[in-house]
Amino acid sequence: VFLSVLSPYTHCAKVIVNFPRRCSGSIHVNTLNGDITTPGGVDIRMKLVSDKLKAAGYLCHQVGKWHAGGSCTANLPVNRGFNTSLGYLDGEEDHYNQTCNGYIDMWNSNQPAYGYNGSSCPADEPYCESPKYNAYQYVTRSVEIISEHDPNTPLFLYHAFQEAHTPNEVPLRFQNASVDYELRRVYGGMVNALESGVKNITDALKARGMWDRTLIVFSSDNGGRTDGDFGGNNYPLRGQKFTDFEGGVRVAAFVSGGALPGSKRGTTESGLIHICDWYATFSSIAGVDPSDKADGVPDIDSMDMTPTLFGSAASPRVNMVLSAQAIIDWPYKLVLGKQEGKGFWTGPVSPNATSTRTDSDPGCPSTCLFNINDDPNEHQDIKAANSAKHAELYKMLNETLATAFQTDSTPGYGNCIPFSQYLEEHRNFGGPRCT
């Protein structure tokens, strides 16, 4: 079971959370992830981990956010290794009425999710109760999948929660009335709703007798967004989503489930694990070869972490490219550029009435070198005393960037209609306009 929590504004240049297969930031998959009206997402020539697991006999289900392509029918989850899907194809949607950019974004396996979308809350009750609230609908689907599943058949469930992602909407019952700052109270309520959903999924696994053989991976895709009207807080780390500072890329994650050895429970893994490493790791657990040598696209960068998860081996990963402006070669990290001016530090209680920030942090205009083992909060730029290491990382970054790949086409799917026509023909539901 892969549970993903989506912090405000997924940034494809950091990671591809939708079944990543290639690391190096996402420069070997997609550096610019567009909406469902344009070619993009994960190239249809690339196999996803769901493809690998389905070939190994798993039943695979996708619930919640997709954002791995939606412009053509080949992008759909059911054509990418999943037996079923219920979710939204684009990057975010209204939690109550499932709209995105003026259209309804909700998809049910092979067709728009007619009848599943809800309506907005009344103006005088912005945090209303509704059975159509996203967390309720999507968690209900995951619980149904588990409850109806044959425990003798292996299961892969990918549930991508939106509850830590804008827009800031959550029923009042999840909010802590003692928090007097609305943004922090509402965002905290959204996280409470998410946690409630994780509990319901966990309880369903136990009730079905599947817990002892289940591995749960819970991971965010990036750090919280801390600027403007966003409720994240990455304290004490520097930066936020949209930056390569640790607050943007060192994310909350854990592994659980009855399949995890008792000796590993409650321990902290200090080695590097990139989110793309779950591709090779899940493939290894399923007993299938993770390699994917399709013509015209890069092979995987993913590393098998099973010896680290289930044994005492150190993580095999010692470096990773975070984006076109950052690379780690443990314990050193090179960061370039202004980082959109968002490289500030927050306090332990944030957001609050005095925490509004402008994008004025100078970042690293002449590059920065950090030792993130000794200085994980990135206060000390040490490049002056480590010029050779600085030059080495700069060279490594440029060599990797020379191999960058951008998904910008859907080969074989050129029969397209205008997106406006698709909406007109499908009751204002969005979906793939190319076949």
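Whatever comes next refers back to the structure up there.
In this report, we go over the structure that sits alongside the text. For clarity, every value in this text was computed on a predicted model and none was experimentally measured.

1. As for the sheet that holds strand β12 (residues 326-329)
At step 1: A sheet is described by the order of its strands in space; here 4 strands give the open sequence β11-β12-β13-β14, paired in antiparallel fashion. Edge positions in the open sheet fall to β11 (319-323) and β14 (364-371), since each of these has one partner strand only. Across the sheet, the axes of successive neighbouring strands diverge by a mean angle of 10°, strand direction being ignored.
At step 2: Relative to strand β13 (residues 332-337), β12 is paired through 4 bridges, and the arrangement is antiparallel. The partner of Ile328 across the bridge, within β13, is Lys333.
At step 3: Here helix α7 (residues 387-401) sits on the sheet and contacts β11, β12, β13 and β14; the angle it forms with β13, its principal contact strand, is near 65°.

2. As for the pairing of strand β8 (residues 155-161)
On any regular strand, side chains alternate: one points to one face of the sheet, the next to the other face.
At step 1: In terms of burial, β8 is largely enclosed, as 7 of its 7 residues are buried.
At step 2: Burial along β8 is two-sided: Leu155, Leu157, His159 and Phe161 and Phe156, Tyr158 and Ala160, pointing in opposite directions, are all buried.
At step 3: Where strand β2 (residues 59-65) meets β8, 6 bridges bridge the pair, whose relative direction is parallel. The partner of Leu59 across the bridge, within β8, is Leu155.

3. What to know about the pattern of salt bridges
At step 1: Evaluation of the coordinates by the stated rule reveals 15 salt bridges.
At step 2: Of the charged contacts, one joins Glu246 and Lys333 as a salt bridge, the two residues approaching to 2.6 Å between their closest N and O atoms. Separated by 87 residues along the polypeptide, Glu246 in helix α4 (residues 246-249) and Lys333 in strand β13 bring together distant segments of the chain. The same class applies to Glu246 as to Lys333, namely buried.
At step 3: Residue Asp359 pairs with Lys342 through a salt bridge whose shortest N-O separation is 3.0 Å. Of this pair, Asp359 sits in the loop between β13 and β14 while Lys342 sits in the loop between β13 and β14, and the two are 17 residues apart along the sequence.
At step 4: The exposure class of Asp359 is partly exposed, given its relative accessible area of 37%.
At step 5: Given the relative accessible area of 3%, Lys342 is considered buried.
At step 6: Each of Arg225, Asp227, Lys342 and Asp359 takes part in one network of salt bridges that share partners.

The rules behind the values
- Residues numbered from 1 in each chain as written.
- Predicted model: local features only at pLDDT ≥ 70, side-chain atom pairs only at ≥ 80, totals over all residues.
- Heavy atoms only, no water.
- Pairing = 2+ DSSP bridges.
- Helix = DSSP H or I, 4+ residues; strand = E, 2+ residues; numbered from the N terminus.
- Axes fitted to C-alpha atoms, helices over the stretch in contact; angles between N-to-C directions.
- Contact = heavy atoms within 4.5 Å.
- Buried < 20%, exposed > 50% of the residue type's maximum accessible area, 1.4 Å probe, protein only.
- Salt bridge = Lys/Arg side-chain N within 4 Å of Asp/Glu carboxyl O.

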